[in-house]
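What follows is the residue order along each chain.
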Amino acid sequence: MRFLHTSDWHLGRRFHTKDLIPAQEAFLDHLVDTARSENADAILVAGDLYDRAIPSLDAVRLFNRALHQLADLDVPIIMISGNHDSAHRLGVGSGLFARARIHLRTDPATCDVPVLLDDTDGPVAVYGIPYLEPSMVRTQLEAEATSHHAVLTAALDRIHSDLTHHQPAGTRSVVIAHAFVTPGSGQSEDQQVTESDSERDLSVGGIAHVGADVFDGIDYVALGHLHGPQKVTDRVHYSGSPLPYSFSEATHTKSCTLVDLTSSGTAPAVRRLDCPTPHRLERVEGLLEDLLTQPAHEHLKDAWLEVTLTDTALPFEAMARLRRRFPDTLSLKHERAFIPAQATDTPTYTERLRGRSELDIAGDFITDMRGTAPTPDEHALLQQAVDAARVNELQKETV
């Protein structure tokens, strides 16, 4: 059985000042064409269909258009909600959509209700686990703790129970999920997954990820959330986003994932199929005058550009001057070059914040104000406050 796995469409998202609706429309056309040309038996969409819980009208129109195109393929489409989606809004009409073979899984209570497929090798059960915010679903799933690992484990326990007690022996299984999943301990550095700047932090209790072993026993896991296409294990893959949504993705090759499920129990065959990228992203750094005058930078004139200036002081009207040569300069940073004679032990505000979490910053504030670091109990209280603030923001958007 052949699946086409995609995720993280983020319909309605802008790239700095640029409208991405035309590019997203082109991708959806490409997705439909690819499903036809590759003879996909089903399409798996692993969350973050929209960029916002309350999407723009243009995004809703584009999603409506995509639903009609997908329904015309006459193959099952299984979608889940991600952490950017409002599960309640996205799930409206899901019962009607199912009649057109478009199966929306947005309610954690239905994570163990599979979409049942068949081919010459026998039955396949496809389960959709929508994004699970631990504090909001722990009770519903009867999880042991308020953590990503606990709620995903509870969901998988239900799925394994359904496979054992309600499906024929030998049924192959596919799970769609939206989470930050890592290979686990004991893996080499090049086997670790990579994040992008455009992904929201999912941390609960300071921990954002779960190990791939939570999916043990599943034939294929179609993941969403991370925007780079990547392999977690032989059976667990991220398709990545179809378009770059930050300059940290400038080196990504955007793709969909074609998955051939085997009948022998071996790992599925996985192939990346490139997606059309309408605009080239580039990052460049240097002195302003060099960037404006050197012929070596001529190839950047038609790129969407992020510029990091290394001048000692930020030059006057730097963005306006850059855009006269590079019209699509979208992001400007200033990181002055290290000059030994001007070296100082005092980092800039930007340097102090770089790579620091909200919890780190709150802890630094306590240390600066009273001269001592937070105690373990105080650190736990700060962690609770940071988690509560993130969940409150999520609830404002999605509930």
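Sequence order sets the numbering: in each chain, residues are counted from 1 along the sequence as written. The predicted origin of the model limits local features to residues at a pLDDT of at least 70 and limits the giving and counting of side-chain atom pairs to 80 or more, whereas totals for whole chains, interfaces and linings rest on all residues. The side-chain numbers reported here are obtained from all heavy atoms of the structure, hydrogens and water having been left aside.

Where we set the bar: UniProt positions are given in the numbering used here, feature names are shortened, and annotations may be inferred rather than shown by experiment.
As recorded in an unreviewed UniProt entry, the protein chain goes by the name Nuclease SbcCD subunit D, listed as coming from Streptomyces bauhiniae. According to the UniProt record, the Function (unreviewed entry) comment for the protein chain is "SbcCD cleaves DNA hairpin structures. These structures can inhibit DNA replication and are intermediates in certain DNA recombination reactions. The complex acts as a 3'->5' double strand exonuclease that can open hairpins. It also has a 5' single-strand endonuclease activity." The UniProt entry for the protein chain carries the following comment under Sequence similarities (unreviewed entry): "Belongs to the SbcD family."

**Comments concerning the packing of aromatic side chains**
Selection rule: The criterion for an aromatic pair is that two Phe, Tyr or Trp rings (for Trp, the six-membered ring) have centres within 6.5 Å, with stacked assigned to planes under 30 degrees apart, edge-to-face to planes over 60 apart and tilted to the rest. For helices the rule is a DSSP run of H or I covering at least 4 residues; for strands it is a run of E covering at least 2, with both sets numbered from the N terminus onward. The cut-offs for exposure are 20% and 50% of the maximum accessible area for each residue type, with area from a 1.4 Å probe on protein chains only; residues under the lower value are buried, those over the upper are exposed, and the others partly exposed.
Summed over all chains, the structure comprises four aromatic pairs. With a centroid separation of 5.0 Å and 75° between ring planes, the pair formed by phenylalanine 15 and phenylalanine 247 is classed as edge-to-face. Within this pair, whereas phenylalanine 15 is found in strand S2 (residues 14-15), its partner phenylalanine 247 is found in the loop between strand S14 (236-238) and strand S15 (255-260), the two being separated by 232 residues in sequence. Taking relative accessible area as the criterion, phenylalanine 15 reaches 1% and is therefore assigned buried. A relative accessible area of 3% places phenylalanine 247 in the buried class.

**Here we look at the pairing of strand S6 (residues 102-105)**
Going by this rule: Any two strands with at least two DSSP bridges between them are considered paired.
Residues Ile102 and Leu104 line one face of S6 and the alternating positions His103 and Arg105 line the opposite face, and both faces are buried. Note: strand S5 (residues 77-80) against S6, four bridges, orientation parallel. Bridge pairing in S6 links isoleucine 80 to arginine 105.

**Re the sheet that holds strand S7 (residues 115-119)**
To keep it simple, the criterion reads: Think of each axis as a best-fit line through the C-alpha atoms, taken over the contacting stretch in the case of a helix, with angles from 0 to 180 degrees between the N-to-C directions.
Taken in spatial order, the six strands make up an open sheet running S7-S8-S9-S12-S14-S13, and their pairing is mixed. Of all strands in the sheet, those with a lone pairing partner are S7 and strand S13 (230-233), marking the two edges. Mean inter-strand twist for the sheet, computed between neighbouring axes without regard to direction, equals 20°. One ladder, built from six bridges, connects strand S8 (residues 122-129) with strand S9 (residues 172-178); its direction is parallel. Looking at S9, one finds that valine 124 is bridged to arginine 172.

**A look at helix H10 (residues 358-370)**
Basically, it comes down to this: By this rule the span expected of a helix is its residue count minus one, scaled by 1.5 Å.
If you check H10, its first and last C-alpha atoms are 19 Å apart, about what 13 residues at 1.5 Å a residue would give, namely 18 Å. One or two steps after H10, the chain reaches glycine 371, where phi turns positive at roughly 90°.

**Focus: helix H8 (residues 318-325)**
Heads up, the rule is: An arc is given here, and it is the one of the directions from the helix axis to the C-beta atoms. The criterion used for residue contact is that any of the two residues' heavy atoms lie within 4.5 Å.
Buried within H8 we find Ala318, Leu322 and Arg325. Each buried residue of H8 sits inside an arc of 55° when the element is viewed along its axis, so together they form one side. Where the residues of H8 are buried, they touch helix H7 (288-293), strand S18 (304-309) and strand S19 (329-334).

**Remarks on unusual backbone geometry**
Positive phi, close to 55°, is recorded for asparagine 39, a residue that is not glycine. For asparagine 39, a relative accessible area of 58% corresponds to the exposed category. Of note in this structure, histidine 225 is not a glycine but carries a positive phi near 125°. Structurally, histidine 225 can be placed in the loop between strand S12 (220-224) and S13. The exposure class assigned to histidine 225 is buried, which follows from its relative accessible area of 4%.

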